Amino acid sequence: MAKTLLVQISDAPTPDVVHRFRNFGEDVYRALRDSCDIDVQEIDASTNRFHVRGIKARQVGRVVMLIKSELRAHNFHDTGSVVRL
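A. Inspection of the side chain of S46 at higher detail. Inspection of the secondary structure puts S46 in the loop between α2 (40-45) and β2 (49-55). On the basis of relative accessibility, which here comes to 6%, the residue S46 falls in the buried class. Once you skip the residues sitting within four places of it in the chain, S46 turns out to touch V18, F21 and R22.

See the structure below:
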């Protein structure tokens, strides 16, 4: 059964934060677009959250690790979270 993750940050949505978050989301999109259902339009419209869907159960851990790595790379490691839905 396919799994879904909610990726979000708790930062106030200032223009700088929104720009950085969308850049982060686009990097996650590029890394996962061939293995998961991830919508770049959802990311481009987002201010603080987006979903990663269609993850195979055995790949959830790897996907979470990749997203957390990107959170660190984009300086959202303190305010970002990945929630399994």
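Structure shown, so let's carry the discussion forward.
B. Inspection of the packing of aromatic side chains at higher detail. All told, the structure shown has five aromatic pairs when counted by the stated rule. Between F21 and F50, the ring centres sit 5.7 Å apart and the planes meet at 50°, which makes this aromatic pair tilted. With F21 in helix α1 (residues 15-32) and F50 in strand β2, this residue pair connects regions lying 29 residues apart in the sequence. With a relative accessible area of 0%, F50 lands in the buried category. Between F21 and F76, the ring centres sit 6.1 Å apart and the planes meet at 75°, which makes this aromatic pair edge-to-face. Of this pair, F21 sits in helix α1 while F76 sits in the loop between α3 (60-73) and β3 (80-84), and the two are 55 residues apart along the sequence. This pair shows no difference in class: F21 is buried, exactly as F76 is. Ring pairing ties together the aromatic residues F21, F24, F50 and F76, which thus form one cluster.

Calculation criteria
- Residues numbered from 1 in each chain as written.
- Predicted model: local features only at pLDDT ≥ 70, side-chain atom pairs only at ≥ 80, totals over all residues.
- Heavy atoms only, no water.
- Helix = DSSP H or I, 4+ residues; strand = E, 2+ residues; numbered from the N terminus.
- Buried < 20%, exposed > 50% of the residue type's maximum accessible area, 1.4 Å probe, protein only.
- Contact = heavy atoms within 4.5 Å.
- Phe/Tyr/Trp six-rings, centres within 6.5 Å; stacked < 30°, edge-to-face > 60°.

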